[in-house]
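# A look at the structure
Letter by letter, the chains look like this.
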Amino acid sequence: MSEVAIRINTPEELESLRDKVISARDPDATVVSVCTGPGCLAYKSHLVAENIEAELEKHGLADKVRVSRTGCHGFCERGPSVVILPRQTCYLRVKPEDAEEIVKTTLVEGGVVERLLYEGSDGVKIELEQEIPFYKHQDKVVFGVNKYIDPMQMDDYLAGGGYRALAKALTKMTPKEVTEEVTKSGLRGRGGAGFPTGRKWDATSRVEADQRYVIVNADEGDPGAYMDRGILEGNPHSVIEGLMIAGYAVGSTEGYIYVRQEYPLAIDHVLYAIDVLRGMGLLGENILGSGFDFDIKVHKGAGAFVSGESSALMSAIEGRVGEPRPKYIRTSVSGLRGKPSSLNNVETMANVPLIIDRGADWYAAMGTEGSKGTKIFSLVGKVLNTGLVEVPMGTTLKQIVFDIGGGMRGGKKFKGVQTGGPSGGVIPEAQLDLPVDFDQLASAGSMMGSGGMIIMDEDTCMVDVARYFLDFLADESCGKCVPCREGIRQLVVVLKRITAGEGREGDIALVEDIAEMMKDSALCGLGQSAPNPVLSTLKYFRDEYIAHIEEERCPAGVCKPLIAYWIDPDKCIGCQKCAKECPVDAISGEKKEPHTIDMEKCTKCDTCFRVCPTKVQAVTKITRAEAEKLGAPRQVEEAGA
Amino acid sequence: MLETMGKVEEIIALNDNDKERLIQILLELQKEFRWLSREVLERVGKKLDVPINHIYSLVTFYSHFSLVPKGRHVMSVCVGTACHVRGAERLLDSVASAVKCKPGCTTSDEKFSLDTVNCLGACALGPVMVADGEYMSNPTPDEISRKVESCE
């Protein structure tokens, strides 16, 4: 490890260190950037990196070619991804055993391993990363540097201009000027509510106090969203630099990073970065000779969705149960330990150094009237290209889902996109031209949230999705206030009834009544926004609710009590695949003869449906009424919360 | 038991006997012992001068803490939104029948624990599970039983 251990006392020393780092590097040297983000790691990309190093050694290239283990590149769907810099040759779905061929063909002979290149649905192969449609339509201002940075190498961050913004803020700007610059940039909080960051800092700095706190919220709790993980794991210094600038702006000497313990790698990388910074004197007393003292503590969250709420998060840092409190006084005025505290999300903080370094005008030129800059989304669900994507605010949903995401998997029909996590809503196909920013999403009945975008196709049941979110929130509600605790529970009871085919007349009105009550009277954002998923699905997909209640039918074929599996004897070729895979031996039939499913034994695990060859498609989902005609018993799912 | 308490004291000392670091201490103890026994929690309370009811309010509030011993092999099925729309519920059913225990429970021989997690942050792999440390993307019931059988 070539970590710098010298102390940096002035901005000039920082610059000369940067020059040294840069001049020691040949800009034309080959670097193999191996993604070791969460998705790629799951497919053993660490072994890919190891094997490439071993192969380089074998060919005597170990001194000339560097292997860099970086954070998430974004294209998780086709991971592990390996990018060979500076040319940007991009290999996808790389297996550890591919290392030999990559080194021999590309690094020794200068050729390309065709079979590992991106291949579009038209069969055309693409070599360079920036030309792959998934990347081509993005604008990676914050996230793009990930592939150049090994999070355990301070040099990589420095070489890209790291801590230049901090030096500028500390030595050339007053705290007030820093805050004003951020206000002018139009940066709004990326955690969900979209509150203007500069105004938050301003409020905190105006309160008379002997200490103020700045806190990074890395308790990324929205299921289906992992942008913050991608940033913090891949580029921890960008978040730390933002936090330090925030500390200077509000007049704080102590910062916190609150990370959920489910992200152990992010915690390791942050702790390591803090250690290095302390060693260099970039954290501690009199940073860069400016007289600014600052240090950072890391707090691990123990798993509670509601702890991402500002007052709850601060209680947790104090070692208490992470429950929200009524906010008659904002946390920016009285937060952690009763002191004025500014809480900002990971992505927000990562934007700050860029704004200070390049200026508010540069930043404000990106995005829309009310939402500036770019936003990173976690594009997941039934879309073809899942992964982390960054686009300027104002990009339409259609561009994100179809140009970048490549449309639906398996040629299915797009139904809706869920944004904003459990507090958000579902946006239907009719609104695909919606430009995505804070205000547009809110006007469509959803919200930006932290940036999860879960794509749903014709096989997704919207009633089931609403039930899913409320089930999640029932677990996560802290139980302190009655509207949230009891409201969610009752909504779950009604929705479970509907998805079980036991829905009653008047259930929809009942759901709407409860939802209104919760919006008006819950204590914190969790309870107030909890009915959003059910309200937005009711708004756009009311017919699905009615089908469940009045016709005992799940149009998407998801709700188990309302469907049955049946083999079409005219289509079945008797390949025995389904019979072999069925875990409860409910399928019988002779080879090359049509098979049948014993509906009494069937657990509706969907295995037969999935293994039936796509050309055959003999296994069919049928409705409850059709199944009963065939003599199937009526299945009633255990009701109740 | 003596050894256990020695470890408890060591972890508390490493956290500077700081009451404010109570959650951090409990996280480290959970990692060390895979569960939090009454004896351990009482010792923490005594050392830090924190009432035991306060400690119980914490360990029952946060999902990561367990008040019963966990199985030697933990099966974590992701039930995040991205996995849910890709069939996490069916995966959960399959795993539950393979390890013969309900989500959130541990088998009586303490061999398996079946947990659900809200998001593993590997949404592109969905539905995804971590079986004894190994990520499995959309495994078939057959693959699950093979994995379960391979556990000692």
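Model, not experiment: these values are computed from the prediction.

Let us now look at the sheet that holds strand 1 (residues 31-35) of chain A. Two pairing modes exist for strands in a sheet, parallel and antiparallel, and in both the strands are linked by backbone hydrogen bonds. Residues and elements named next belong to chain A. Taken together, the 4 strands give an open sheet; going across it, the order is 2-1-3-4, and neighbouring strands pair in mixed fashion. The open sheet is flanked by strand 2 (66-70) and strand 4 (89-91), the only strands paired with a single partner. For this sheet the average axis-to-axis angle between neighbouring strands, irrespective of direction, equals 20°. Summarising the sheet, strand 1 and strand 2 pair through 5 bridges and their orientation is parallel. Among the inter-strand pairings, Val-34 is bridged to a residue of strand 2, identified as Arg-69. Contacting strand 1, strand 2 and strand 3 (82-85), helix 3 (residues 45-58) crosses the sheet at an angle of about 160° to strand 1.

One finds A:Ile52, A:Ile245, A:Ile400, A:Leu470, B:Leu26, B:Cys78 and B:Val95 to be the most contacted residues of the largest nonpolar core, which totals 242 residues. Counting residues per element, this core draws most heavily on helix 18 (residues 462-476) of chain A, which supplies 10 residues. Leave out the neighbours within four places in its chain, and A:Leu470 touches A:Ile488, A:Leu491, A:Val492, A:Leu495, A:Ala530 and A:Val534.

Glancing now at helix 22 (residues 532-540) of chain A. Burial within helix 22 of chain A is extensive, with 8 of its 9 residues counted as buried. Every buried residue of helix 22 of chain A is accounted for by A:Asn532, A:Pro533, A:Val534, A:Leu535, A:Ser536, A:Thr537, A:Leu538 and A:Tyr540.

Residue and element names in this part refer to chain A. Running from N to C, helix 10 (residues 227-234) and helix 14 (residues 346-358) cross one another at 50°; their axes reach a closest spacing of 9 Å. Of the possible angle classes, the one that applies to helix 10 and helix 14 is oblique. Across the interface between the two elements, Met-227, Asp-228, Ile-231 and Leu-232 from helix 10 touch Val-346, Glu-347 and Ala-350 from helix 14. Class assignment of the residues belonging to the contact of helix 10 with helix 14 gives a composition of 5 nonpolar, no polar and 2 charged.

A separate point is the sheet that holds strand 10 (residues 292-301) of chain A. Residue and element names in this part refer to chain A. The strand order across the open sheet formed by 5 strands is 9-10-8-7-11, and the pairing between neighbours is mixed. A strand with exactly one partner marks an edge of an open sheet, and here the two such strands are strand 9 (284-287) and strand 11 (341-345). Strand after strand, the sheet turns through a mean of 25° between neighbouring axes, direction not considered. Two strands pair when backbone bridges link them, and strand 9 and strand 10 are joined in this way by 2 bridges, in the antiparallel orientation. Each residue of the ladder has a partner; that of Gly-284, found in strand 10, is Phe-294. Contacting strand 7 (213-218) and strand 11, helix 14 crosses the sheet at an angle of about 95° to strand 11.

Conventions adopted
Residues numbered from 1 in each chain as written. Chains lettered and ligands numbered in written order. Predicted model: local features only at pLDDT ≥ 70, side-chain atom pairs only at ≥ 80, totals over all residues. Pairing = 2+ DSSP bridges. Helix = DSSP H or I, 4+ residues; strand = E, 2+ residues; numbered from the N terminus. Axes fitted to C-alpha atoms, helices over the stretch in contact; angles between N-to-C directions. Contact = placed C-beta atoms within 7 Å. Core = buried A, V, L, I, M, F, W, Y, C linked by C-beta atoms within 7 Å. Buried ≥ 20, exposed ≤ 12 C-beta atoms within 10 Å, placed from the backbone. Parallel < 35°, antiparallel > 145°, perpendicular 65-115°, else oblique. Nonpolar A, V, L, I, M, F, W, Y, C, P; charged D, E, K, R; others polar.

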